[in-house]
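Chain and residue survey
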Amino acid sequence: MISLSASSFLNKTGVPGCSTHLSLRQPRTRTRTSPAFFRVFSTLGSNRDPNGSVLIEAASSSLETSASADIVVPKSTVSGGVQDVYGEDAATEDMPITPWSLSVASGYTLLRDPHHNKGLAFSHRERDAHYLRGLLPPTVISQDLQVKKMMHTLRQYQVPLQRYMAMMDLQETNERLFYKLLIDNVEELLPVVYTPTVGEACQKYGSIFLRPQGLFISLKEKGKILEVLRNWPEKNIQVIVVTDGERILGLGDLGCQGMGIPVGKLSLYTALGGVRPSACLPVTIDVGTNNEKLLNDEFYIGLRQRRATGEEYSELMHEFMTAVKQNYGEKVVIQFEDFANHNAFDLLAKYGTTHLVFNDDIQGTASVVLAGLIAALRFVGGSLSNHRFLFLGAGEAGTGIAELIALEISKKTQIPLEEARKNIWLVDSKGLIVSSRKESIQHFKKPWAHDHAPIQDLVDAVKAIKPTVLIGTSGVGQTFTQEVVETMAKLNEKPIILALSNPTSQSECTAEEAYRWSEGRAIFASGSPFAAVEYEGKTFVPGQANNAYIFPGFGLGLIMSGTIRVHDDMLLAASEALAEQLMEEHYEKGMIFPPFRNIRKISARIAARVAAKAYELGLATRLPQPKELEQCAESSMYSPSYRSYR
């Protein structure tokens, strides 16, 4: 067993107060010693006997001697996050590192290791040192050329799902190239690795499933969840994204096939927020499905039973939450994704005081929409307290957004939260939520039950409430009809219309419809992307209220500060930081969200604001507080550039 002392790997970011002491140990996994294991130590200065075998004792001794010395790196361009799991970013990017796996990887094993594989970018020296001669064609190309080649290949596919599958295959074979490709082409590839394409991928996950990309925890693992977590090869987990697959986007219950959501979200945590891939863990909790089509599908990969509910469900989730805290500690971020309403609110309330939990559907969506509304004030004037809001949809997203808007209004105007809620109205499947319905509605809808006569149809609610902002979170497409949009345009010079449901097929209206029916006056944003729209000689660029603006930077801020609980003020800070990223050139195009091409800088700004708020609230544990939080956030981001191997 080889171990390297912690003093070997001191991360010097060059940012005052942002250095982190790190350690690297042989993973606690059982492995059989193979000939390849002995061969690899030749790169560490080991000696060969006349028959070509490696003298492992000499190599081990040499390694321990060199590892015990302190390495001082004056300038490190990246630090790889709060904890540099592999120790590779203790050096600057131009310094050589050792490609650790269970042992030093080499030969065919190295080419099959997605963490260290570089394909044709291995140099001639690396090919000699790591037994790659003959295993690769003779040419050596740069990572940039690999990116260019992959983009050329991806653009040949006409079907989005084919691009998704190609990207997932690349992630499983060459991790750094995958993230380099995604970061460099984020605006083009974001819809491929996430919404809207990920929705179709989840629907067909059983058919396209080749290799597991996360942990599947089912009812069969009840009583053994801690053991299951320990089966995951990475031990230093900082972010977990978990779903039970009951409400995937606007597509309903997809059961175990909802795994595409945690995998996609964590890809964005790394690409957009800079969290190291090895620190991310996707999890699907499989308690069955009520989707008859899946239960009868021979390719379905989950439990073939109706969904567990009540005590059986609660016990499994509690065991999971307890095991996560026991195995990874109190500062691991647990992000809930696509749980049904009745479970989402209960889980957030139950574990919000004991774990570092975050529900992206409730809190992430709310934060990004609030940012868009703050930015939209530039067009319509006034403050949020001067506007009236009408929601179509009163589930996780709708009530979450409404509550955060009310919190922002309350903080800015110093009025009670209950008073701030009075200008916010919600419509659900049974019509306008009013006080006469209070006894029959779910608990999370009750704060929005105001005094008013019952109204069934959305267009009648628009005429009666006279909102300045119309927000769709219904998950039902084409519900913002021409009459609804035209009514909004009659009531407002610049109506704010946000059609947020995903995927594109479930959007309440299209960008083209919103601009045409409002005669080009609407301030529009959607959940899934729409192309620019030409109307009467003017080009409108519709905004995308994508949660990817918020959760990667938000999570990074929690991690870099060692925060132990999420507070609503952190969400408000993230919204304000995002809204500040819009420039005059963006407003001229009617945009209320900045372009994604600058997303890493945006995420760093959000992370800094979130971390600052955590320190202010006394919830941060990483002390002392760095002096330059934004610089610290940028320096802690994972770099996908290839490293040189010894």
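Residues numbered from 1 in each chain as written. Predicted model: local features only at pLDDT ≥ 70, side-chain atom pairs only at ≥ 80, totals over all residues. Heavy atoms only, no water.

Helix H7 (residues 175-184) sits mainly inside the fold: eight of its ten residues count as buried. Buried residues in H7 make contact with helix H5 (143-156), helix H6 (160-173), helix H8 (186-193) and helix H12 (260-271). (Buried < 20%, exposed > 50% of the residue type's maximum accessible area, 1.4 Å probe, protein only. Helix = DSSP H or I, 4+ residues; strand = E, 2+ residues; numbered from the N terminus. Contact = heavy atoms within 4.5 Å.)

Before going further, it helps to spend a moment on the nonpolar core. Core analysis: the biggest nonpolar cluster contains 125 residues, and Leu 373, Ile 405, Ile 471 and Phe 554 have the highest contact counts within it. If we ignore the near neighbours within four places in the chain, the residues touching Phe 554 are Phe 358, Val 566, Met 570, Leu 571, Ala 574, Ile 606 and Val 610. (Core = buried A, V, L, I, M, F, W, Y, C linked by side-chain atoms within 4.5 Å.)

Going through the model one piece at a time under the given rule, you end up with 32 salt bridges. Here Asp 361 and Arg 247 are joined by a salt bridge, their closest N and O atoms 3.3 Å apart. Pair noted here: Asp 361 is in helix H16 (residues 360-380) and Arg 247 is in the loop between strand S6 (239-243) and H12, with a separation of 114 residues, a long-range link. Of the charged contacts in the structure, one is a salt bridge between Glu 576 and Lys 412, with a shortest N-O distance of 3.7 Å. Here the residue Glu 576 occupies a position in helix H23 (residues 568-579), and Lys 412 occupies one in helix H17 (residues 396-413), the gap between them amounting to 164 residues. By relative accessible area, which is 26% here, Glu 576 ends up partly exposed. On the basis of relative accessibility, which here comes to 57%, the residue Lys 412 falls in the exposed class. Salt bridges here are not isolated pairs; linked through shared partners, they connect Arg 247, Asp 338, Asp 361 and Glu 396. (Salt bridge = Lys/Arg side-chain N within 4 Å of Asp/Glu carboxyl O.)

Okay, the environment of Ser 435 next. By the element assignment, Ser 435 lies in the loop between strand S12 (431-432) and helix H19 (458-465). On a C-alpha basis, the gap between Ser 435 and Ala 449 in space is 4.6 Å, while along the polypeptide they are 14 residues apart. The contact partners of Ser 435, leaving out residues within four places of it in the chain, are Ala 449, His 450 and Asp 451. At a separation of 2.8 Å, a polar atom in the side chain of Ser 435 contacts the side chain of Asp 451. (Polar contact = N/O pair within 3.5 Å; in protein donor to acceptor, adjacent residues only side chain to side chain.)

This next bit is on the UniProt feature "active site" (unreviewed entry) in the protein chain. UniProt marks Tyr 194 and Lys 265 with the feature "active site" (unreviewed entry), using the numbering shown here. Judged by maximum C-alpha separation, these annotated positions cover 72 residues in sequence but sit close together in space, the widest gap being only 7.4 Å. With respect to the helices, strands and loops of the structure, Tyr 194 is situated in the loop between H8 and helix H9 (197-203). In contact with Tyr 194, not counting residues within four places along its chain, are Leu 249, Ile 261, Gly 264, Lys 265, Leu 268 and Glu 337. Among the structural elements, Lys 265 can be located in helix H12. Lys 265 sits in the buried class, given a relative accessible area of 2%. Sequence-distant contacts of Lys 265, defined by excluding residues within four places in its chain, comprise Tyr 194, Val 241, Gln 335, Glu 337, Asp 360, Asn 547 and Phe 551. (UniProt positions renumbered as here; feature names shortened; annotations may be inferred.)

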